[in-house]
Amino acid sequence: MYKRILIPTDGSDVAEAAVDHALDLAEKYDAEVHALYVVDIDSVNFSLGTEQVDRLKQGRFDEMGELKEQADEATGVVAESGAERGIDVVEHVSGGRPHKLISDYAENHGIDLIVMGSHGRGGVRRALLGSVTERTLRSTHVPVLVVDYIDED
Ligand code: ATP
Ligand code: MN
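Since the model is a prediction, treat every value here as computed from it, not as a measurement.

*Asks:* For this particular structure, what's the right way to read helix α3 (residues 50–57)?
*Replies:* The periodicity of an α-helix, 3.6 residues per turn, causes residues three or four positions apart to be oriented the same way. Considered for burial, the residues of α3 that qualify are Gln-52, Val-53, Arg-55 and Leu-56. Each buried residue of α3 lies within a common arc of 160° when the element is viewed along its axis, so the set occupies one face. The exposed set on the far side of α3, more than 90 degrees from its buried face, consists of Thr-50, Glu-51 and Lys-57. Elements that come into contact with the buried residues of α3 comprise β2 (32–40), α2 (41–47), α4 (66–84) and β3 (89–96). Trailing α3 by a residue or two, Gly-59 shows a phi angle of about 70°, which is positive.

Laid out in structure tokens, this is it:
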């Protein structure tokens, strides 16, 4: 049923809560696991200069210092949890609009399940679902498992 599972992560606790669900399914179905962090171009536009934005658009992540470190740390957490269970994780970082790149990645890599958090770094529960999750649900045909941190044991 599930051959390739995608875990989009923004490094938040809620996204990490989704990781256990994803890895458990991966184990049962002997699926490949992919972790994706998207450097959000809209938020970067606000806080950084044109130089950083250009680097991001050109995919020159290695020159992006702290932003790249944050991204690597987020996918690294997924990779480490995978390693503890003997599951290899394909780590990927890209720059753009998160929901768009999540659904594109799913389509381009034959992903058959996306596992993500109900909320993320935005944290404040002013909405039932975070905007990235809501938009991902609207833009992909791939099944999405949404994990709510509060429902965790
Ligand atoms: P908002 O961003 O609307 O203020 P939020 O931060 O609480 O709200 P989302 O951003 O929708 O909620 O995060 C929900 C889930 O979406 C996260 O748990 C994570 O799985 C995924 N996600 C969010 N941002 C990214 C990102 N930049 N790259 C990859 N995955 C992301
Ligand atoms: Mn967010």
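*Asks:* When you look at unusual backbone geometry in this model, what are you seeing that I'm missing?
*Replies:* Trans is the prevailing form of peptide bonds, just as negative phi is the prevailing case for residues other than glycine. The backbone of Asp-30 shows a phi angle near 55°, a positive value even though the residue is not glycine. Looking at where Asp-30 falls in the secondary structure, it is placed in the loop between α1 (13–29) and β2.

*Asks:* Explanation requested: the environment of His-21 in the structure shown.
*Replies:* By the secondary structure assignment, His-21 is in helix α1. Relative accessible area serves as the criterion here: at 32%, His-21 is assigned to the partly exposed category. As for His-21 and Val-147, which are separated by 126 residues in sequence, their C-alpha atoms are 7.9 Å apart.

Reading the values: the criteria
- Residues numbered from 1 in each chain as written.
- Chains lettered and ligands numbered in written order.
- Predicted model: local features only at pLDDT ≥ 70, side-chain atom pairs only at ≥ 80, totals over all residues.
- Heavy atoms only, no water.
- Buried < 20%, exposed > 50% of the residue type's maximum accessible area, 1.4 Å probe, protein only.
- Helix = DSSP H or I, 4+ residues; strand = E, 2+ residues; numbered from the N terminus.
- Arc of directions from axis to C-beta.
- Contact = heavy atoms within 4.5 Å.

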